[in-house]
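# Residue-level structural notes
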Amino acid sequence: MNDLILVEKFKGGDRTAFKELVLKYQKEIYFLACRMVFNKEDAADVVQETFVQVFRKIHQFRSASTFKTWLYRVAINRCKNFLRVLKKNRELAPIENYAVTDPKDSQLDLLLKNERVDLIGETIEKLPKKQKAVLILRTYHELSYKEIAEIVGGSVNSAKVNFYHAIENIKRLVGK
Amino acid sequence: MNCKTIKKRFLTDYVEGNLELDQKTLVEDHLANCLQCREHFGEIQRIASLLKSYTVADPGEVFWDGLTSKIYSRVNKKKPAQKKPWEILQEWMTWKRLVYTATPVLLILLLLFPAHHFYQSHFSELTSQENVLTVEEIGNEFLLIDEYLIQMPANQLEKFVQKMAWLILSPEVLAWPEYFDGLGLGTDEEIFQMRKQNLDLLAKRLHEV
């Protein structure tokens, strides 16, 4: 069933409509949270908090964007909140602290050859929050830049520039 | 088109195949002639494929069912206790909001201060003179009236006396030495005598008139 119809039903008090929305989107939001917070248990908590927030704040959804975009925005904000709290406990090394070195092809090739994909996850974790969100939404959820701009805030061009910088930073970090 | 524009504006879209035909041709023409951008493009392609290889394993149906149940049980719970006003204020009070709120308040205060100062310097003195007349001031007024009347030209004095003599010369007024308290002019008796002397002088002048 169409998201907007489900949302209208839910706003009218139909809780089964909310259940349908949860079943439809919980996997997407979980995979998003996994990459954002880089921990499966924490990601599950973020998913719960996201849907609890949706349940309580659904009256704030005005259909100016799609429900999916609004849901992603809620989820990204929950992830950011989570990371903010986490940062207080363990300070992550800011990206600026890493040396600016151009990766050599051989290092990248080695990385691919050794299939060290776990390193990619760790590298994404070190990106600034906005670049990380844009990169994940674009690469793994294949959202358009327009949708990404609606989710993270800012213009379409700013989303593109953030994506470009994220790629550049990953290039630097894996080449380190 | 220079390398910077190609890299920032078009290359990621080119890698993803999102460019219009004319833009795509522009980028391909540039890549054909620029070794540096070609290498950069190769790196971006490899990073894009590397990123794609980073997958998150599906945790399985048991996990999904459990997650769904947890969400339902949380939303079915009662709402948490109402937040205390200072907690709401704490959440609300970000630096940005603080600046937005404090700025107009400060501006209003800055406008009010000179206005208050102007009022104080121009009106408060008048107000205090009108409303709070001390005993000392009343005493002074009487002495001044006496003095002024004694020195008044004869024709004016006559007109004034016709209208006001009942007040100046009335026994009640003459018997108000308490108004002269605190002037440091002497005892009540001395002041009474001084005033009587003044009024006698006045009476004499009136007689002359």
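In this text, all values refer to a predicted model and were calculated from it rather than measured experimentally.

What counts, and where the lines are drawn
Residues numbered from 1 in each chain as written. Chains lettered and ligands numbered in written order. Predicted model: local features only at pLDDT ≥ 70, side-chain atom pairs only at ≥ 80, totals over all residues. Heavy atoms only, no water. Axes fitted to C-alpha atoms, helices over the stretch in contact; angles between N-to-C directions. Helix = DSSP H or I, 4+ residues; strand = E, 2+ residues; numbered from the N terminus. Parallel < 35°, antiparallel > 145°, perpendicular 65-115°, else oblique. Contact = heavy atoms within 4.5 Å. pLDDT = per-residue confidence, 0-100. Patch = residues over 30% accessible without salt bridge, like charges linked within 9 Å, V, L, I, M, F, W, Y side chains within 5 Å. Areas by Shrake-Rupley, 256 points an atom, 1.4 Å probe, with all protein chains shown as cover. Salt bridge = Lys/Arg side-chain N within 4 Å of Asp/Glu carboxyl O. Lys, Arg positive; Asp, Glu negative; His and termini not counted. Charge placed at Lys NZ, Arg CZ, Asp CG, Glu CD. Buried < 20%, exposed > 50% of the residue type's maximum accessible area, 1.4 Å probe, protein only. Phe/Tyr/Trp six-rings, centres within 6.5 Å; stacked < 30°, edge-to-face > 60°. Buried area = accessible area lost by both parts, 1.4 Å probe. Polar contact = N/O pair within 3.5 Å; in protein donor to acceptor, adjacent residues only side chain to side chain. Expected span 1.5 Å × (residues − 1). Bend = angle between axes of the 7 residues up to and from the residue.

### Considerations on the packing of helix α8 (residues 145-152) of chain A against helix α9 (residues 156-174) of chain A
Residues and elements named next belong to chain A. Running from amino to carboxyl end, α8 crosses α9 at an angle of 95°, the nearest separation of the two axes being 8 Å. In terms of their interaxial angle, α8 and α9 are classed as roughly perpendicular. Contacts between α8 and α9 involve Tyr145, Lys146, Ile148 and Ala149 on the former and, on the latter, Val156, Ala159, Lys160 and Phe163.

### Overview of the confidence of the model for chain A
All names here are of chain A. In this model, chain A carries a mean pLDDT of 82, and residues with pLDDT of at least 70 account for 81%. For chain A, the element scoring lowest by mean pLDDT is helix α5 (residues 105-113), at 54; helix α2 (residues 15-37) scores highest, at 93. Predicted confidence for residues 92-105 stays below pLDDT 50, and this span has 23 contacts to residues more than four positions away or in other chains.

### A short note on a positive patch on the surface
On the surface, Arg56 and Lys57 of chain A together with Arg74 and Lys77 of chain B cluster together to form a positively charged patch. With a relative accessible area of 33%, Arg56 of chain A lands in the partly exposed category.

### A few points about the confidence of the model for chain B
Any residue range with low pLDDT should be treated as having predicted coordinates unsuitable for detailed reading. Of the residues in chain B, 68% reach a pLDDT of 70 or more, and the chain-wide mean stands at 74. When mean pLDDT is taken per element in chain B, helix α4 (residues 61-76) of chain B scores highest with 90 and helix α9 (residues 171-174) of chain B scores lowest with 51.

### Remarks on the packing of aromatic side chains
Aromatic rings considered in pairs are described by the distance between their centres and by the relative angle of their planes. Residue and element names in this part refer to chain B. Going through the model one piece at a time under the given rule, you end up with 15 aromatic pairs over all chains. Ring centres of Tyr14 and Phe41 lie 5.1 Å apart, and the angle between their planes is 50°; this geometry places the pair in the tilted category. Taken together, the positions of Tyr14 in helix α1 (residues 3-16) and Phe41 in helix α3 (residues 35-52) put the pair 27 residues apart, joining distant regions of the chain. Like Tyr14, the residue Phe41 is buried in the burial classification.

### Digging into the interface of chain A and chain B
Counting residues at the interface gives 45 residues for chain A, matched by 35 residues for chain B. Together, the buried faces of chain A and chain B total about 3,900 Å²; carbon and sulfur atoms form 66% of this surface. For the interface between chain A and chain B, the tally reads four salt bridges. Where chain A meets chain B, there are 12 residue pairs in polar contact (both at pLDDT 80 or more). Among the elements of the structure, α2, α3 (40-57), α5, α6 (117-125), α7 (129-139) and α9 of chain A are those that each provide at least two residues to the side of chain A that touches chain B. If one sorts the elements of the side of chain A that touches chain B by residue count, α2 of chain A sits on top with 11 residues.

### Re the side chain of Asp13 of chain B
Locating Asp13 of chain B in the fold gives a position in helix α1. For Asp13 of chain B, a relative accessible area of 5% puts it in the buried group. A polar atom in the side chain of Asp13 of chain B sits 2.9 Å from the side chain of Lys160 of chain A. Excluding anything up to four places from it in sequence, Asp13 of chain B contacts Tyr145 and Lys160 of chain A together with Asn18 and Leu19 of chain B.

### Describing α1 of chain B
Compared with an ideal rise of 1.5 Å per residue, which puts 14 residues at 20 Å, α1 of chain B spans 18 Å between its outermost C-alpha atoms and is within 8% of the ideal. Along α1 of chain B, the helix axis deviates most sharply at Phe10 of chain B, where the bend reaches about 55°. For α1 of chain B, the complete set of buried residues consists of Ile6, Lys7, Phe10, Leu11, Thr12, Asp13 and Tyr14 of chain B. Buried positions along α1 of chain B lie against α8 and α9 of chain A together with α2 (21-33) and α3 of chain B. Positioned one or two residues after α1 of chain B, Gly17 of chain B has a phi angle of 70°, which is positive.

### Points about the side chain of Gln48 of chain A
In this structure, Gln48 of chain A sits in helix α3. Side-chain polar atoms of Gln48 of chain A contact the side chain of Arg74 of chain B, separated by 3.4 Å.

### Overview of unusual backbone geometry
Residues and elements named next belong to chain A. Despite not being glycine, Phe38 has its phi angle at roughly 60°, a positive value. Topologically, Phe38 is positioned in the loop between α2 and α3. Classification of Phe38 as partly exposed rests on a relative accessible area of 29%. If you check the backbone angles, Glu142 has positive phi at about 50° while not being a glycine. Along the polypeptide, Glu142 turns up in the loop between α7 and α8.

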